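# Observations on the three-dimensional arrangement
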Amino acid sequence: MNDTLLGIFEVASLAQVGTSAVANWRKRFSDFPSPVAELRSGPVFLESQIRAWLAQKPGIELPMLAGFYERLAAKCGHDAELVAKVHETVDRLARSGTSIRSPGVLLGKVQSGKTRAFLGIIALSFDRGYDVAVVLTKGTKSLARQTLARVRKDFQDFIVADEVQVHDIMALPNMTPYEFNQKLILVVKKEDDNLTRLLNAFENSYPGLQAKRVLIIDDEADFGSVSYRKKDGIPDVGTISKQIDQLRNLVADSDFLQVTATPYSLYLQPEDEVIVNGDPLFTPRRPKFTVVLPTHSQYVGGDYYFERSADIDSPAYYFYREVPLEEREALKVEDRRRLKVENVLFEKRSAVLCHAILTFIVGGAIRRLQARRSGLPMQKYSFLFHTEQTKISHAWQEVVVSSVRDALVAEGAQDTEKFDQLIRASYEDLQRSVHSGSGWMPSFAEVKADVHSALVQGQLMITKVNSENDIDALLDEDGQLRLRTPFNIFIGGQILDRGITISNLIAFYYGRNPKKFQQDTVLQHSRMYGARSLDDLAVTRFYAPQIVYQVMKNIHEFDAALREAFESGSNNRGVYFIQKDASNRVVPCSPNKLMFSGIYSIRPGRRLLPMGFQTVARTAGIKHLSLLDKKIANLVGINTEQPILLNVEEAIELLSLAYSNLEFDDPSEDDRKAHIAALEHLSRTSNDKDLRGKVWLITATDRNVSRFREEGRFSNSPDTKQQSDAARLQAQDVPVLMLLRQNGDQAKGWRDLAFWWPVIVTPKTAVTSIFASDTASVA
């Protein structure tokens, strides 16, 4: 009688277990039938022998080996919420029929554990019958190495047990049939050579892969993998997208999952126009499904750095320090007219950098003293210096930073008054945030002694990193930057901030030109995002020019607005992208033309108001003030705080007059164009057709807010809590314009000119909108 031959997969199907269980049986049980042949596709067995062996083993003696994901989740400590998201994603992949133009989307936050999640998804997909996982990474060798190291670390037990093969596509070995029949994970950079090598593996080297079930995971998905370019005026899919399509055409069964922290990319694809109230509404490219990842309990992101920083009781209040533009320019290239390094501790144009470096050492010393007091291991800390991309700038910055270190060592060796003053300034700066976080603060003498030791004992290491070769030599076995000394300063360009993990980062000196920012790039630059201890946050500082900080804040708000719309499900209503045209009309703006130095997020139920301004001189502003006083008196009469309904044109006129008496030292801080556009747009796109084109006006007089808050920051609350609550209650379907008359006394920091401080409250029912004050030309 002819006996049927069974491969590993058929044996698993017959026994109703996974292929990993069969592999385990072959190792555990010496009486497991021997293969009758080793084919290219793997070992084959006689069905009769397999059936006889199974019959001799009661089920209780053959405990089914826990699945890939069950074991990986236990090893990596996945909590119940993450386990549920992993199962949801794989369940939806199995039934959704994804494609590169209609993918599954896993939406997380920057440095929030997305890799951990998608590795869990790979493990569970192996349990569900997928055979191959292709992980597409960002196009640098260091990132590919980091991803490969992470995959091998999490799947180490499966690799040792010969259940899973993990390879960089550029180092794929000649696999034996035995290896070929294991699960396979391929790490592939998103660049032409890697994708060509991947296609060759499926098409020529191992054509048997075409019959396997493949999961393609696009990590950090943005413009690289799903991109469109205009060719002869027609949107055309990008090179990487074409190569991924070729792969999908080769294999019989595949699914496509994008992993991203930037929901903005979902709005960039060619899409049929949707007209709402006469305006085009941009809807996100329709994925087959979207699973939103939870953030873990220790996650710290932009809401901490850019929102809680307004709370004087939070350590985040002390997070940001301004870098003068003159200092940033002096650090671009050597110019002795701007900066003399031999006098670096006393130079005006290096003052913030000197303070930043010493505050970094003081902060690290505080944390190490805290650890010593608690009986915990003392950590090593890092400082990232990234203001330019050119190697000549990095070389000059290395000279300057080294000169700061050497000057501090010299001052410390003699324990000069200058040394004491510099340390005390950093100590007092950090003391406020440590106390606000309820942390223990060591004495000044203890901190000074440790800072002195760190400097004179060579514990401060300065490393310039501006190439793949540089960074490869610095990565540890996990693909992270190796911290070799207690205090590490890394100077470099884009290679440092595109996803490379830098542990214990407590200082960031940043100065990239905001005119060149892209949202996905800036979020990836935000290396301070991720799992952070509260004690580390108390000594963390961010140094940047005000314009750079504001751009990053804008982008955080932009990301939060799109994410909020997406997570709440209101993304189905779309997002408006608007701008002002040459005729000063509010018109649609294509999302792919946004320049992030000039974007404003308009979210439902939020406040929009100018900050950081001064009033014009009394003689210059009295005429506009009198005119605005008269107009408001005619409108509201004696009921100054009762809301009245205006036509939007009247409201815009009042808002423009209010702004005419405000001036800004930095023109980039003048948001009047965005606020006027927002008021008009929110009014004209109201859901209530009877209120469309209307605005509620609420006024108040005899306000006396100071120009500055404590700590020297500009005031941002001209309204009382009661006024703010009343305005939000009124702003249901159309916006509210609050005009709050300030007395403008000189004693409060003004110029003895009364003025009307405008506050716009956006409607609760509004659709999220993005206003672009500047747009890029697109060929």
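What comes next is a walk through the structure. These figures come from a predicted structure and were not determined experimentally.

This brings us to the overall build of the protein chain. The secondary structure content of the protein chain amounts to 26 helices and 33 strands. Within the protein chain, buried positions represent 55% of all 779 residues. Considering only contacts in the protein chain between residues 6 or more positions apart, those separated by 24 or more positions represent 76%. Total accessible area on the protein chain is roughly 32,600 Å²; 48% of this is exposed by carbon and sulfur atoms.

Okay, the packing of aromatic side chains next. Across all of its chains, the model carries 33 aromatic pairs by this definition. Between F68 and F126 the ring centres are 5.7 Å apart and the planes differ by 70°, which places this aromatic pair in the edge-to-face class. Here F68 is found in helix α4 (residues 68–76), whereas its partner F126 is found in helix α6 (residues 114–127), with 58 residues between them in sequence. For the residue pair F68 and F126, the accessibility class agrees, reading buried in each case. Taking the ring centre of F68 as reference, the NZ or CZ of R71 above it sits at 5.5 Å. The lysine or arginine in question, R213, covers the ring of Y130, its NZ or CZ lying 3.9 Å from the ring centre.

Glancing now at helix α25 (residues 672–684). The terminal C-alpha atoms of α25 lie 18 Å apart, and with 13 residues this matches the ideal 18 Å at 1.5 Å per residue to within 8%. The buried fraction of α25 amounts to ten of the 13 residues, a majority that puts the element mostly inside the structure. By the burial criterion, the buried members of α25 are A674, H675, I676, A677, A678, L679, E680, H681, L682 and S683.

So, about the sheet that holds strand β2 (residues 37–39). If you trace the three strands from one edge of the open sheet to the other, you get β1-β3-β2, paired in antiparallel fashion. A single partner strand is all that each edge strand has here, and the edge strands are β1 (5–7) and β2. Strand-to-strand twist in this sheet, taken as the mean axis angle between neighbours without regard to direction, amounts to 40°. With three bridges connecting them, β1 and strand β3 (residues 42–46) associate as antiparallel partners. By the bridge assignment for β3, L5 is matched with L46. Across the sheet, helix α1 (residues 8–15) is in contact with β1 and β3; its angle to β1 comes to roughly 95°.

Here we come to helix α24 (residues 648–660). With 13 residues, α24 should cover 18 Å at 1.5 Å per step; its first-to-last C-alpha distance of 18 Å lies within 8% of that length. Those residues of α24 lying buried are V648, A651, I652, L654, L655, L657, A658 and Y659.

What follows covers the packing of helix α23 (residues 618–636) against α24. Between α23 and α24, the least distance of the axes is 9 Å, while the angle of their chain directions is 150°. In terms of orientation, α23 lies roughly antiparallel with respect to α24. Taken as a pair, α23 and α24 cross one another with a handedness that is left-handed. Residues H624, L627, L628, K631, I632 and L635 of α23 form the contact with α24, whose own contacting residues are E650, E653, L654, L657, A658 and S660. The residue inventory of the contact of α23 with α24, partitioned by class, reads seven nonpolar, two polar and three charged.

Calculation notes
Residues numbered from 1 in each chain as written. Predicted model: local features only at pLDDT ≥ 70, side-chain atom pairs only at ≥ 80, totals over all residues. Heavy atoms only, no water. Helix = DSSP H or I, 4+ residues; strand = E, 2+ residues; numbered from the N terminus. Buried < 20%, exposed > 50% of the residue type's maximum accessible area, 1.4 Å probe, protein only. Contact = heavy atoms within 4.5 Å. Areas by Shrake-Rupley, 256 points an atom, 1.4 Å probe, with all protein chains shown as cover. Phe/Tyr/Trp six-rings, centres within 6.5 Å; stacked < 30°, edge-to-face > 60°. Lys NZ or Arg CZ within 6 Å of the ring centre and 35° of its normal. Expected span 1.5 Å × (residues − 1). Pairing = 2+ DSSP bridges. Axes fitted to C-alpha atoms, helices over the stretch in contact; angles between N-to-C directions. Parallel < 35°, antiparallel > 145°, perpendicular 65-115°, else oblique. Left-handed = near helix turned anticlockwise from the far one by under 90°. Nonpolar A, V, L, I, M, F, W, Y, C, P; charged D, E, K, R; others polar.

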